[in-house]
Amino acid sequence: MTRCDLWAHPHSLATEAAAQSRRIAEAGFTAVRLAHIYHSGRWLLTTSRPGEVAQLPSGAWYAPDPLLSWGPQLRAPRATPHDAVAAATGALRSAGLAVVGWIVGLHSSPLATTHPELALRNVFGHVYRHALCPAQPAVRRYAAALVADVAARGVDELDLEAYGYLGWQHASAHDKTGVTLRPADRWLLSLCTCSACARAYREAGADPRELRERAGEAVRRQLAEPGPAAPETADDAVAALGGPLHDAVLRARAAVTTSLIAETVAAAGSTPVWLRATCDPYAGAGKTGGDPAALTATGAGLTLTDLTGDFAALRSELHAAEAAGVSPDRLTVGWSLLDRHTLGRADLDPLTETASGYAATAFYAYDLAPAARLGWPAAALAPAGAAALRKPVAQC
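This structure is a prediction, so every number in the text was calculated from the model and none was measured. Note that residues are indexed from 1 along each chain, following the sequence as it is written. For this predicted model, a pLDDT threshold of at least 70 governs which residues receive local features, and a threshold of 80 or more governs which side-chain atom pairs are given and counted, while totals over whole chains, interfaces and linings are taken from all residues. Just so you know, side-chain values use all the structure's heavy atoms and leave hydrogens and water out.

Re the pairing of strand S8 (residues 127-132)
At step 1: DSSP calls a pair of strands paired once it identifies at least 2 bridges connecting them. Strands are runs of DSSP state E lasting at least two residues, helices are runs of H or I lasting at least four, and both sets are numbered from the N terminus onward. Here two bridges tie strand S7 (residues 119-121) to S8, and the two strands are oriented antiparallel to one another. Within the sheet, the bridge partner assigned to Ala119 lies in S8 and is Leu132.
At step 2: In textbook terms, the turn of a hairpin is the stretch between consecutive antiparallel strands, and for S7 and S8 this stretch comprises five residues, one of which, Gly125, has a positive phi near 85°.

Here it is in structure tokens:
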């Protein structure tokens, strides 16, 4: 079968790490994607300490010592305990599990709040205090430093999340909107107009002032007289900006994102990099959106996920990547075990065919999904068998 990975937070292995690690290995998983830096969260634990409410600080660094290779401008807050990653890694390795360093990069409320000049700034000039801008040189140095430091700690691979443009959508404090926003409106509200992005737009042939005016007018029009979305997001986006400006904006953002990933892959050295990605160029919620062929040309593999329980959407992403020429062994499939997404063992049956032949299948997440489900993924993937794989995949 393909490699079977499990996303996990070091908080879940803070007590009885050896027993937790053995439980994961005995369930049939072969690797754990362990968070080294994570966004904020309030987790109701199901497995390590059932019923505990874990308050996870935003952008916290869980390694034993501060980052080694970054400049003074950006410093992630230290997590407690400081050695959570080291302790968890040791226990996981003792259980025979590979360890993938999971890094949530530019989704950092503490850093975006402390350094608003480095945060995303929308077309109305409002700063988003949860997202660092990938066009800013200081942010790019920080992103590469995270990768270099985690790679130096001896992980088998890296899993990069939020390495690109984030945007309007963010599960923050009591978000409220009284008007339904179309996907294109959410994208327009996600366009960054900071000084670094303005330079990128000009280089791509777009006028930043025209972008602000056109995008702002389109959003105000939707707020005043809400209209239905067109069948394709691109139709509404082009109607708002006009074809030439729309295309130039996409080129600019793609160039920023692709060069950022190239720099981070270089910073990882010989450690393989997996990028949480989507083929949707209008995405802005943590997955890196763009041309899958261009993203894999940087040397990164792609982790394509649907954590909402939509197999059709997952297959669409995988088919789009393969149609772009991405080899199956450069793709990982991601799926959710949460209660509302995987109600029974049979719900994973379609995954057997969907995941067959890709480098790995990763499941979200340890200590959020009911403990009884831990054995389902390996059982679901096993029928695929080695004969069904497009090509053999080496284990970590």
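We are not done yet, so read on.
Some remarks on the pattern of salt bridges
At step 1: Whenever Lys or Arg places a side-chain nitrogen within 4 Å of a carboxyl oxygen from Asp or Glu, that contact is recorded as a salt bridge. As enumerated under the stated definition, the model contains 18 salt bridges in all.
At step 2: A salt bridge links Arg220 to Glu217; the nearest nitrogen and oxygen atoms lie 3.8 Å apart. Linking Arg220 with Glu217, this pair stays in helix H7 (residues 208-224), spanning three residues, or about one helical turn.
At step 3: Connected through shared salt-bridge partners, Arg3, Asp5, Arg33, Glu157, Asp159, Glu161 and Arg276 make up one network.

Looking at the environment of Tyr62
At step 1: Within the element layout of this structure, Tyr62 appears in the loop between strand S5 (60-61) and helix H2 (84-94).
At step 2: In this structure, the C-alpha to C-alpha distance between Tyr62 and Ala86, residues 24 residues apart in sequence, is 8.3 Å.
At step 3: Contacts were defined at the residue level, with two residues in contact if any of their heavy atoms lie within 4.5 Å. Beyond its immediate chain neighbours, meaning those up to four positions away, Tyr62 contacts His9, Pro10, His36, Leu56, Pro57, Ala79, Pro81, His82, Asp83, Ala84 and Val85.

Brief notes about the side chain of Ser48
At step 1: Secondary-structure assignment places Ser48 in the loop between strand S3 (41-44) and strand S4 (53-56).
At step 2: Look at Ser48 and you get buried, because its relative accessible area is 10%.
At step 3: A distance of 2.5 Å separates polar atoms of two side chains, one belonging to Ser48 and the other to Asp367.
At step 4: Setting aside residues no more than four positions away along its own chain, Ser48 makes contact with Ser12, Gln20 and Asp367. Under the scheme applied here, a residue whose accessible area is under 20% of the maximum for its type counts as buried, over 50% as exposed, and between as partly exposed, the area being computed with a 1.4 Å probe on protein chains only. Pairs of N or O atoms within 3.5 Å make up the polar contacts considered here, provided that, within protein, one atom can donate a hydrogen while the other can accept it, and that residues adjacent in sequence are counted only when both atoms are side-chain atoms.

Remarks on the packing of aromatic side chains
At step 1: Each aromatic pair joins two rings of Phe, Tyr and Trp (for Trp, the six-membered one) with centres within 6.5 Å, and gets the label stacked for planes under 30 degrees apart, edge-to-face for over 60, and tilted for any other angle. Here the structure, examined in full by the defined rule, presents seven aromatic pairs.
At step 2: Relative to Phe363, the ring of Phe29 has its centre 6.4 Å away and its plane inclined at 70°; by these criteria the two rings are edge-to-face. With a gap of 334 residues between them, Phe29 in the loop between helix H1 (17-26) and strand S2 (31-38) and Phe363 in strand S14 (residues 360-364) connect regions that are remote in the sequence. Accessibility assignment for this pair places Phe29 and Phe363 in one class, buried.
At step 3: Ring centres of Tyr38 and Trp102 lie 5.4 Å apart, and the angle between their planes is 80°; this geometry places the pair in the edge-to-face category. Of this pair, Tyr38 sits in strand S2 while Trp102 sits in strand S6 (residues 98-104); the two residues are 64 residues apart in sequence, bridging distant segments of the chain. Grouping residues by exposure puts Tyr38 and Trp102 together as buried.

Let's talk about the side chain of Thr288
At step 1: By secondary structure assignment, the location of Thr288 is in strand S11 (residues 288-289).
At step 2: Look at Thr288 and you get buried, because its relative accessible area is 1%.
At step 3: Polar side-chain contacts of Thr288 include one of 2.6 Å to the backbone oxygen of Tyr163.
At step 4: Beyond its immediate stretch of four places on either side in the chain, Thr288 contacts Tyr163, Gly164, Thr257, Leu275, Arg276, Ala277, Thr278 and Leu295.

Some words on the nonpolar core
At step 1: In this structure, Leu158, Tyr163, Leu188, Leu275, Leu351 and Phe363 are the most contacted members of the largest nonpolar core, which totals 125 residues.
At step 2: At nine residues, helix H9 (residues 243-268) tops the list of elements feeding residues into this core.
At step 3: Excluding residues that lie within four positions of it along the chain, Leu188 makes contacts with Val123, Ala215, Ala218, Val219, Ala240 and Leu241. In this text, buried Ala, Val, Leu, Ile, Met, Phe, Trp, Tyr and Cys residues form a nonpolar core when linked through side-chain atoms within 4.5 Å.

Some points on the packing of helix H8 (residues 233-241) against H9
Relative orientation and spacing of two packed helices are given, respectively, by the angle between their axes and the distance between those axes.
At step 1: Between N-to-C directions, angles cover 0 to 180 degrees, with each direction set by a line fitted to C-alpha atoms, over the stretch in contact for helices. One can describe the packing of H8 onto H9 by two numbers: an axis separation of 7 Å at closest approach and a directional angle of 115°. Accordingly, the angle class assigned to the pair H8 and H9 is roughly perpendicular. The handedness of the crossing between H8 and H9 is right-handed. Contacts between H8 and H9 involve Ala237, Val238 and Leu241 on the former and, on the latter, Gly243, Leu245 and His246.
At step 2: Note on residue classes: Ala, Val, Leu, Ile, Met, Phe, Trp, Tyr, Cys and Pro are nonpolar, Asp, Glu, Lys and Arg are charged, and everything else, Gly too, is polar. Here the residues of the contact of H8 with H9 sort into four nonpolar, two polar and no charged. Throughout, the term roughly parallel applies to angles under 35 degrees, roughly antiparallel to angles over 145, roughly perpendicular to angles from 65 to 115, and oblique to all others. Crossing handedness is read from the near helix: turned anticlockwise from the far helix by less than a right angle, it gives a left-handed crossing, and turned clockwise, a right-handed one.

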